[in-house]
Amino acid sequence: MAVTLKVTYGEQDEWAVLRVSGEMDLVTSPELRQRVHEAVADGRRSLVLDLSEVLFCDSSGVGVLIATRRLIRSCQGRLRLILPAQGADGGTSRSSEAEIGGGSHVNRVLAALGVRRLFDVYPDVTAAVGEESSPLSA
């Protein structure tokens, strides 16, 4: 069974919210990159990537996330990731989101590669779009 990537667009306040589900790999990651570029071309500078339903992420997916960060920063925008303590596969963190073995698959991959600290991470969309919310620690 082939798992694909699905990206849906929504808006919440001044934030563009891209909800991503499935697998982010060499074949599927360009779709997310395209959707990010479309949002920026439409003038969106505040972007939330909800990765809570991503089951798998390889280096291509990580590359898209880093390129998205670079693009948003070049526009003086804001990027926030949703990486919940419980992953789409039902696995839960044993102690904290910062632990390499805990949380969503994407969170574990970013932590293992040492790039998790580059992103502002939130547990859900409500927290990400809230102006008084603080990101989770890396």
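Counting restarts for each chain, with residues numbered from 1 along the sequence as it is written. Note on the predicted model: pLDDT of at least 70 is required for a residue's local features to be given, and 80 or more for side-chain atom pairs to be given and counted; whole-chain, interface and lining totals, by contrast, use all residues. As a convention, hydrogens and water are excluded, and side-chain values are obtained from all of the structure's heavy atoms.

### As for the side chain of Arg44
Part 1 of the argument: Labels follow the DSSP assignment, with helices taken as runs of H or I lasting at least four residues and strands as runs of E lasting at least two, numbered in each case from the N terminus. Looking at the element boundaries, Arg44 is found in the loop between α1 (29–41) and β3 (46–57).
Part 2 of the argument: Within the local environment of Arg44, its side chain forms a polar contact with the side chain of Glu11, the two groups lying 3.0 Å apart.
Part 3 of the argument: Dropping the residues within four chain positions of it, Arg44 is found in contact with Tyr9, Glu11, Asp13, Glu14, Trp15, Ala16 and Ala39. Polar contacts, as used here, are pairs of N or O atoms within 3.5 Å; protein pairs need one atom able to donate a hydrogen and one able to accept it. Residues neighboring in sequence count only if both atoms are side-chain atoms. Any two residues having at least one pair of non-hydrogen atoms within 4.5 Å are treated as being in contact.

### Quick look at the pattern of salt bridges
Part 1 of the argument: The rule for a salt bridge is simple: a side-chain nitrogen of Lys or Arg has to be within 4 Å of a carboxyl oxygen of Asp or Glu. In total, this model carries 4 salt bridges according to the counting rule given.
Part 2 of the argument: The residue Arg19 makes a salt bridge to Asp50 at a minimum N-O spacing of 3.9 Å. Within this pair, whereas Arg19 is found in strand β2 (residues 15–24), its partner Asp50 is found in strand β3, the two being separated by 31 residues in sequence.
Part 3 of the argument: The buried label applies to any residue whose accessible area, calculated with a 1.4 Å probe on protein chains only, is under 20% of its type's maximum; exposed applies above 50%, and partly exposed to all values in between. For Arg19, a relative accessible area of 36% translates into the label partly exposed.
Part 4 of the argument: For Glu38, the salt bridge goes to Arg35, with nearest N and O atoms at 3.6 Å. Here Arg35 and Glu38 lie together in helix α1, a separation of 3 residues that amounts to about one turn.
Part 5 of the argument: Given the relative accessible area of 22%, Arg35 is considered partly exposed.

### Digging into the nonpolar core
Part 1 of the argument: To define a nonpolar core, start from buried Ala, Val, Leu, Ile, Met, Phe, Trp, Tyr and Cys residues and group those joined through side-chain atoms within 4.5 Å. Judged by nonpolar contacts, the single largest core of 29 residues is most densely connected at Met24, Leu32, Leu49, Leu51, Leu65, Leu81 and Leu110.
Part 2 of the argument: The set of elements that each furnish at least two residues to this core consists of β1 (5–12), β2, α1, β3, α2 (59–74), β4 (78–82) and α3 (105–113).
Part 3 of the argument: If near-sequence neighbours (up to four positions away) are discounted, Leu110 is found in contact with Val62, Leu65, Leu81, Leu83, Val115, Arg116 and Phe119.
Part 4 of the argument: Formed by 9 residues, the second largest nonpolar core is a distinct cluster that contains Tyr122, Ala127, Ala128 and Val129.

### Some remarks on the confidence of the model for the chain
Part 1 of the argument: Values of pLDDT, the confidence the predictor places in each residue, fall between 0 and 100. Looking at the chain as a whole, the pLDDT averages 86, with 83% of positions reaching at least 70.
Part 2 of the argument: For the stretch residues 90–101, pLDDT sits under 50, and the model shows 22 contacts to residues farther than four places along the chain or on other chains.

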